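# Survey of secondary and tertiary structure
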Amino acid sequence: GVIACCSHMAAGVEDKRLSQAILGDDECASDDATRCSLSARQLRGEVLSLEAQEEEVDVSDGEFVASKSFGSFDWTPTQRTIEAAIQDAKWNGDGQFHEGETVNAVSVAKWVNEDLLVNPPFNGAHDAIVPMPASGDDQVGPGNYVAYSRRQVCYIVAKTLMGAGTKEYDNGLTRFMNTCVRTGGFAKSMVTLVASCAADPTLKDGKQGPLLVVARGADPTSVQAARGVAASARLSNAGLRICQYDDGAAPLDGIPKVPSEGCVSATGSGPGKDFMTGGLHRQVVVDITASWLGGYVLGNACGLGGGQDERLMVYFPEVAALTFFLSASHPFPQLRQPAWVLGARQFFVELDGTGRYNDYVLDKAVPLNSDLENVQFKGKTYKMSSSRPFLGFMSESQGFLGKETYDNLKWARLNRHTLQREIRSSDKAPFENQVRAWYNSVALTSYHVEVRPTLKQFVQSVGTGPWLAGLWWGDSQLGMLATWIGQALAAPTWGELPVDYYMYADFTENPGNQCYVHSYHNCAACLSKCNNNPLPGTAFWMPNEAFTDGKSCAGAGSPQYCGQNGVEQIYAAFSGKGALDLWNAVEHAFRSGAHTEKTVFDVLLR
């Protein structure tokens, strides 16, 4: 591999018309007044209108851009033809996108062989470029970002589908695609991505197309620093909104609701609208990850399965491709969290938070060029898809239970395990760490200054399910509280940024556990819905020890462990208070013990 000193693939000259349009800014001390002025305006959220950008700025074709140096690596010989890769994936040739050309298996292979592979997108060389050196188990590293053009991503995917690797860089995507996944759902997803590229009008005549950006969060701040922020933060900053997505409960009064276009219950024959299907404009889909994006699919899954994280990778093939390509780590060559992926699209429909309808049917309306907006990096303007902002991060609780025995999982799924209520800094997964995890992962200031204007442009709300309380077996009530407090700390860094909290009777991870966020009668109704209409086995995964009497729903659907107080009582009691008030109240409530005879909400409001 060859290490380059620069972080931009092409030496661009800043558009002179833009220089004339923007006056110098007296807050800047830079000799480059134009660039400094633009940066200052962007950081204050004063992004130029798209119309002004169109008038004043020449839009550049996509290219590799990064905040750090990069390495160039030759490809190893391919192991199979693209025709064989398409056949292995059992791709049905469904390429009737609403935008661009209609394609089939023959035309996709022809485009790959006669266009993509003969016109290499990395400055005309048959190589691949990645940020260097590696840091934090991936190539991007904490606090940095990298951007690829859409053609570059398609090229990388096509080469790995054909079995090629990168010399001296053991990229994870080749390793992943050389497992059984190349004949399963992941391969079908990757071939669909390549097919979309063959149809894409932005890639015609060798064009690079729009950008995709991956941005890693900075190393986490200290809990003490987070408390300092909380001291002046109000819980109202969080903009908490609730969506009761098929939770079986009565409507909750007194809590703001997710706008109706982003909260539509399932019909029984198909999904409605939640944060995973999409529906609310510029709402982020939160991927509840492990320490790395993509979960444990490498070596453990051939097709669709696992938890929410693994399923999202199939539906967002550009996210999956970049997640695996940008790491050569062992044994998990995947992008580390927290991380944003901007410019990626959801290629399939019917995946909601329950996973009940996940047949990964092609979304023929997946945008190819209709959702492109102007963005700026390093003084140049590019196009980027504004389709589905994607953010992956985890709670700081992975493995806190120790062995996943029947007893440990039984009490954890009921929200009554003593280890769930740890509050001391010396504990393995204290509550303070969960607040910090949400705050650090969502705060705009955790990400590179050059990415922040694009984040602010594309993101208007954060959509999440039962964060903390999925397959890491945290308490769903504490997870909701950590989300609320953490968002109250993070949102002011954006100006404002609501959090949309979706409630399910049967989320794809730990079905039924989120019912305990409700007060008694709603909790009982929610658990009844979960138990009487259980998820099919294709919709979720849990270890055998997590089932109760052979049933997947928490507590086998019994309301025995429902509490008297629910999220509506907690909201009424604390919504007018400071973030630190609720944080302190949680820690005070459990300083003398776990009090697992009651729910967290009941202990707080006793």
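To be clear, the structure that these remarks concern was listed above.
Read on for an overview of the structure. (Residues numbered from 1 in each chain as written. Predicted model: local features only at pLDDT ≥ 70, side-chain atom pairs only at ≥ 80, totals over all residues. Heavy atoms only, no water.)

### With respect to the overall build of the protein chain
Rules: Put simply, DSSP marks the helices as runs of H or I at least four residues long and the strands as runs of E at least two long, and each gets a number from the N terminus on. Exposure is judged per residue with a 1.4 Å probe applied to protein chains only, and the accessible area is read against the type maximum: over 50% gives exposed, under 20% gives buried, and values in between give partly exposed. Residue contacts follow a heavy-atom distance rule, with two residues in contact if any of their heavy atoms lie within 4.5 Å. To be clear on the numbers: accessible area is Shrake-Rupley with a 1.4 Å probe, and residue cover counts the displayed protein chains and nothing else.
Helix and strand content of the protein chain: 19 helices and 16 strands. Here the protein chain holds 606 residues, and the buried ones make up 62% of them. Look at the contacts in the protein chain between residues 6 or more apart in sequence, and 79% of them connect residues 24 or more apart. Counting only carbon and sulfur atoms, one obtains 49% of the accessible surface of the protein chain, whose full area is about 21,100 Å².

### Quick word on the state of the cysteines
Selection criterion: Any two cysteine sulfur atoms within 2.5 Å of one another count as a disulfide.
This model, assessed by the stated rule, comprises 5 disulfides. With its sulfur 2.3 Å from that of its partner, Cys530 forms a disulfide with Cys553. Judged by the sign of its S-S torsion, about 135°, the cystine formed by Cys530 and Cys553 is right-handed. You can see Cys530 sitting in helix 16 (residues 520–532) and its partner Cys553 sitting in the loop between helix 16 and helix 17 (567–574), a full 23 residues away along the chain.

### Brief notes about the packing of aromatic side chains
Short version of the rule: Here is the rule: rings of Phe, Tyr and Trp (six-membered ring for Trp) pair when centre to centre is within 6.5 Å. Planes less than 30 degrees apart are stacked, more than 60 are edge-to-face, and the remainder are tilted.
Enumeration according to the criterion identifies 28 aromatic pairs in this entry. Aromatic pair Trp292 and Phe332: ring centres 4.1 Å apart, planes at 15°, arrangement stacked. Here the residue Trp292 occupies a position in the loop between strand 8 (283–288) and helix 10 (308–315), and Phe332 occupies one in the loop between helix 11 (317–325) and strand 9 (339–342), the gap between them amounting to 40 residues. With a relative accessible area of 9%, Trp292 lands in the buried category.

### So, empty space enclosed by the protein
The following threshold applies: Lining residues are defined by having an atom within 4 Å of a point belonging to a cavity or pocket. Those points lie on a 1 Å grid over the protein atoms alone, cavities being sets where a 1.4 Å probe fits but cannot get out and pockets being open sets with protein on both sides within 12 Å along at least five of seven lines. Grid points are joined across faces, edges and corners, and a volume is the space filled by probe spheres set on the points. Amino acids outside the nonpolar list (Ala, Val, Leu, Ile, Met, Phe, Trp, Tyr, Cys, Pro) and the charged list (Asp, Glu, Lys, Arg) are all regarded as polar, and Gly is one of them.
Tallied over the entire structure, the rule returns 3 cavities of 30 Å³ or more. In this structure, the largest cavity encloses a volume near 110 Å³. For the largest cavity, the lining is made up of 15 residues, of which Gln420, Ala429, Gln434, Leu468 and Leu478 are closest to its centre. Tallied by class, the residues present in the lining of the largest cavity amount to 8 nonpolar, 4 polar and 3 charged.

### Quick word on the nonpolar core
To be explicit about the condition: Definition of nonpolar core: a set of buried residues of the types Ala, Val, Leu, Ile, Met, Phe, Trp, Tyr and Cys, connected through side-chain atoms within 4.5 Å.
Grouped together as the largest cluster of nonpolar side chains are 166 residues, with contacts concentrated most on Tyr148, Trp340, Phe377, Phe431, Leu481 and Trp484. Among the elements that take part in this core, helix 8 (residues 185–199) stands out by supplying 10 residues, more than any other. Leave out the neighbours within four places in its chain, and Trp484 touches Leu235, Ala238, Leu240, Ile570, Tyr571, Phe574, Ser575 and Leu582.

### Some points on the packing of helix 15 (residues 476–490) against helix 17
We count it as follows: Axes, fitted as lines to C-alpha atoms, cover a helix only where it is in contact. Angles between the N-to-C directions of the axes lie from 0 to 180 degrees. The sense of a crossing depends on the near helix, which, turned anticlockwise from the far helix by less than a right angle, makes the crossing left-handed and, turned clockwise, makes it right-handed.
One way to put it is that helix 15 packs onto helix 17 with a least axis distance of 12 Å and a crossing angle of 35°. Read as a crossing pair, helix 15 and helix 17 show a hand that is right-handed. Listed contacts from helix 17 to Met480, Leu481 and Trp484 of helix 15 are Val567, Ile570, Tyr571 and Phe574. Its residues assigned to classes, the contact of helix 15 with helix 17 comprises 7 nonpolar, no polar and no charged.

### A look at the environment of Asp246
Operational definition: Polar contact is the term for a pair of N or O atoms within 3.5 Å; when the atoms are in protein, one must be able to donate a hydrogen and the other to accept it, and sequence-neighboring residues count only if both atoms are side-chain atoms.
Inspection of the secondary structure assignment puts Asp246 in the loop between strand 7 (241–244) and strand 8. It is 9.3 Å that separates the C-alpha atoms of Asp246 and Thr267, two residues lying 21 residues apart in sequence. Residues within four places of Asp246 in sequence aside, it is in contact with Ser265, Ala266, Ala505 and Lys529. In terms of polar contacts, Asp246 uses its side chain to reach the side chain of Ser265, at 3.4 Å.

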